[in-house]
Amino acid sequence: MTHTDEIPTDAEVIQELASTDDGLRPSELVERLEASGHSYENVVRAVQRVLDRGKAVLGDGGRFIAVEGLEVAA
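K.L.:
Can you help me understand the packing of helix α1 (residues 10–18) against helix α2 (residues 26–35) in this one?
P.N.:
Helix-helix packing: each pair is described by the crossing angle between the helix axes and the interaxial distance. As a packed pair, α1 and α2 sit with axes 10 Å apart at the nearest point and diverge in direction by 125°. Put simply, α1 runs oblique to α2. Note on packing geometry: the crossing formed by α1 with α2 is right-handed. Here E12, V13, E16 and L17 of α1 come into contact with α2, specifically with L29, R32 and L33. Residues that form the contact of α1 with α2 fall into these classes: 4 nonpolar, no polar and 3 charged.

K.L.:
Is there a simple way to think about the nonpolar core in this case?
P.N.:
Note on soluble globular proteins: their nonpolar side chains tend to be buried together. In terms of nonpolar packing, the biggest core is built from 14 residues, with V13, L17 and L29 touching the most fellow members. Here the element with the most residues in this core is helix α3 (residues 40–52); it accounts for 4 residues. Each residue touching L29, except ones within four places of it in the same chain, is listed here: V13, E16, L17, L24, V47 and F64.

K.L.:
It is not clear to me how the pattern of salt bridges should be interpreted in this structure. Could you clarify?
P.N.:
In a structure, side chains of opposite charge can pair up when their charged atoms sit close to one another. Enumeration according to the criterion identifies 6 salt bridges in this entry. K55 is the salt-bridge partner of D10, the closest N and O atoms lying 2.8 Å from each other. Here the residue D10 occupies a position in helix α1, and K55 occupies one in the loop between α3 and β1 (56–58), the gap between them amounting to 45 residues. For D10, a relative accessible area of 9% puts it in the buried group. Across the pair E16 and R32 runs a salt bridge, and its minimum N-O distance is 3.3 Å. Of this pair, E16 sits in helix α1 while R32 sits in helix α2, and the two are 16 residues apart along the sequence. Assessed through its relative accessible area of 19%, E16 is described here as buried. Each of D10, R49, R53 and K55 takes part in one network of salt bridges that share partners.

Parameters at a glance
Residues numbered from 1 in each chain as written. Predicted model: local features only at pLDDT ≥ 70, side-chain atom pairs only at ≥ 80, totals over all residues. Heavy atoms only, no water. Axes fitted to C-alpha atoms, helices over the stretch in contact; angles between N-to-C directions. Helix = DSSP H or I, 4+ residues; strand = E, 2+ residues; numbered from the N terminus. Parallel < 35°, antiparallel > 145°, perpendicular 65-115°, else oblique. Left-handed = near helix turned anticlockwise from the far one by under 90°. Contact = heavy atoms within 4.5 Å. Nonpolar A, V, L, I, M, F, W, Y, C, P; charged D, E, K, R; others polar. Core = buried A, V, L, I, M, F, W, Y, C linked by side-chain atoms within 4.5 Å. Buried < 20%, exposed > 50% of the residue type's maximum accessible area, 1.4 Å probe, protein only. Salt bridge = Lys/Arg side-chain N within 4 Å of Asp/Glu carboxyl O.

Right under this line is the structure:
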């Protein structure tokens, strides 16, 4: 597969994470974004950016979970 030089957008990463109820293991997320044509290196950059911006967290069981748009219980 030919890879693009583009880094996946935050929206692409969040969309993949939000597509599951339990989040995704890092390898699963990488596989999904690589299947969209992104290189491994660019996927890692995108995931780090999303984590740095607080749009996703590494939850229990080592799965990435999207937190953008989730309401915090009081």
